[in-house]
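Architecture and fold: a report
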Amino acid sequence: MHWEAGTLFGLPLHSSFLLKEPSETVTVYVGNLSWTVTDEVLFDFLASRTRGVVSCKVSRNHSGQSKGFALATFADDACARRAIGLCHDTEMGGRTLVVRADLAPERRPRVAKPKRSPETAACDRVFCGNVPFATTPLEFERIFAGAGAAEATLTVDCDGQSRGYGLVRFGSAEDAARAIDAFDGFEIDGRPMRCKFDARAPRR
């Protein structure tokens with residue numbers, strides 16, 4: 001597999017992204033989406049800012065919950081480049097989008113999903129790890145606002161900087177389990193959040 005010289009927004013351009021045939025479509029990664037964004041909403045958003053949008057597909061888990069990113073297909077290489085230039089770092093629904101060239105499937109990083117520890121009993125609290133350090137407590141709270149969370153607390157240091165994890169409390173263990181299914185793997189700024197029952201939560 002060969003990488004062409006040059007970068008785009010600090011990312012190497014794969015040779016398959018630099019198409020020779022203008023008639024071939026090009027796929028672009030769109031990340032840091034709000035979990036309420038649908039295929040249609042993203043399509044309308046991109047189409048209002050650039051041209052050549054063919055389709056948008058929000059990635060979802062087995063429960064139908066958004067994973068926080070999507071793949072947008074453009075008519076050709078020029079349209080894809082234009083979209084990246086115009087839409088990267090723009091705001092949609094209060095979140096700053098990450099828009100970049102999509103890696104070829106064989107070069108996409110595979111993130112192993114950790115198995116849920118059998119000794120961690122179900123409870124009403126969810127531990128959320130791998131949260132970007134740039135995430136603020138308010139942003140963390142907003143992520144779970146529509147999921148029935150009673151409280152969402154991002155752990156920060158003495159300077160108010162995120163330590164990369166937080167705890168979310170729900171009204172019941174059943175609600176917590178549904179949140180784990182919905183948000184485990186949810187992307188924030190390109191990083192998949194890891195959610196599981198809080199092993200330190202008091203048992204009732």
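Residues numbered from 1 in each chain as written. Predicted model: local features only at pLDDT ≥ 70, side-chain atom pairs only at ≥ 80, totals over all residues. Heavy atoms only, no water.

What follows is about the overall build of the chain. From N to C terminus, the chain includes 4 helices and 14 strands. Relative to its 204 residues, the chain shows a buried fraction of 39%. For the chain, the exposed area adds up to about 11200 Å²; of that, 52% sits on carbon and sulfur atoms. (Helix = DSSP H or I, 4+ residues; strand = E, 2+ residues; numbered from the N terminus. Buried < 20%, exposed > 50% of the residue type's maximum accessible area, 1.4 Å probe, protein only. Areas by Shrake-Rupley, 256 points an atom, 1.4 Å probe, with all protein chains shown as cover.)

Here we come to helix α1 (residues 39-47). Those residues of α1 that fall on the buried side of the exposure criterion are L42, F45 and L46. End-on, the buried residues of α1 take up no more than an arc of 95 degrees, which puts them together on one face. Exposed and oriented more than 90 degrees from the buried face of α1 are E40 and D44. Turning to α1, the residues buried within the fold contact β3 (26-31), β4 (53-60), β5 (66-74), α2 (77-87) and β6 (91-92). (Arc of directions from axis to C-beta. Contact = heavy atoms within 4.5 Å.)

Right, let's get into unusual backbone geometry. The backbone of D89 sits at a positive phi, close to 70 degrees, despite the residue not being glycine. Even without being a glycine, N130 presents a positive backbone phi close to 60 degrees. Assessed through its relative accessible area of 29%, N130 is described here as partly exposed.

Another point: the sheet that holds strand β11 (residues 162-170). Whether parallel or antiparallel, the strands of a sheet pair through hydrogen bonds between backbone atoms. The strand order across the open sheet built from 4 strands is β10-β11-β9-β14, with neighbouring strands paired in antiparallel fashion. Looking at which strands have only one partner, the edges of the open sheet turn out to be β10 (149-156) and β14 (194-197). Direction aside, the axes of adjacent strands within the sheet are offset by 20 degrees on average. Where strand β9 (residues 125-129) and β14 come together, 4 bridges link them in antiparallel fashion. Pairing of V126 across the sheet is with F197, part of β14. Across the face of the sheet, helix α3 (residues 137-145) comes into contact with β9, β10 and β11 while running at roughly 150 degrees to β10. The sheet strands contacting helix α4 (residues 173-183) are β9, β11 and β14, and the helix crosses β14 at an angle near 160 degrees. (Pairing = 2+ DSSP bridges. Axes fitted to C-alpha atoms, helices over the stretch in contact; angles between N-to-C directions.)

So, about the sheet that holds strand β8 (residues 98-101). The sheet built from 4 strands is open, its strands ordered β4-β5-β3-β8 with antiparallel pairing. A single partner strand is all that each edge strand has here, and the edge strands are β4 and β8. Adjacent strand axes in the sheet meet at a mean angle of 25 degrees, parallel and antiparallel pairs treated alike. With 6 bridges joining them, β4 and β5 adopt antiparallel strand pairing. Across the sheet, residue K57 finds its bridge partner in β5, namely L71.

For D77, the location among the structural elements is in helix α2. Overall, D77 belongs to the buried group, its relative accessible area being 16%. At 2.9 Å, the side chain of D77 forms a polar contact with the side chain of R81. (Polar contact = N/O pair within 3.5 Å; in protein donor to acceptor, adjacent residues only side chain to side chain.)

Bringing the pairing of β9 into the picture now. In this structure, β9 lies alongside β11, joined through 5 bridges in antiparallel fashion. Bridge pairing in β11 links C128 to G166.

Turning our attention to the environment of D189. Structurally, D189 can be placed in the loop between β12 (187-188) and β13 (191-192). What D189 contacts, discounting residues up to four positions off in sequence, is N32, T96, V98 and P132.

Of all residues in the chain, 78% attain a pLDDT of 70 or more, and the chain-wide mean is 80. Here strand β1 (residues 3-8) stands out as the element of the chain with the lowest mean pLDDT, 40, in contrast to α1, whose mean of 96 is the highest. Scored below 50 in pLDDT, residues 1-22 shows 44 contacts in the model against residues more than four places distant or in partner chains. In the model, residues 105-112 has pLDDT below 50 throughout and makes 11 contacts with residues more than four positions away in sequence or in other chains. (pLDDT = per-residue confidence, 0-100.)

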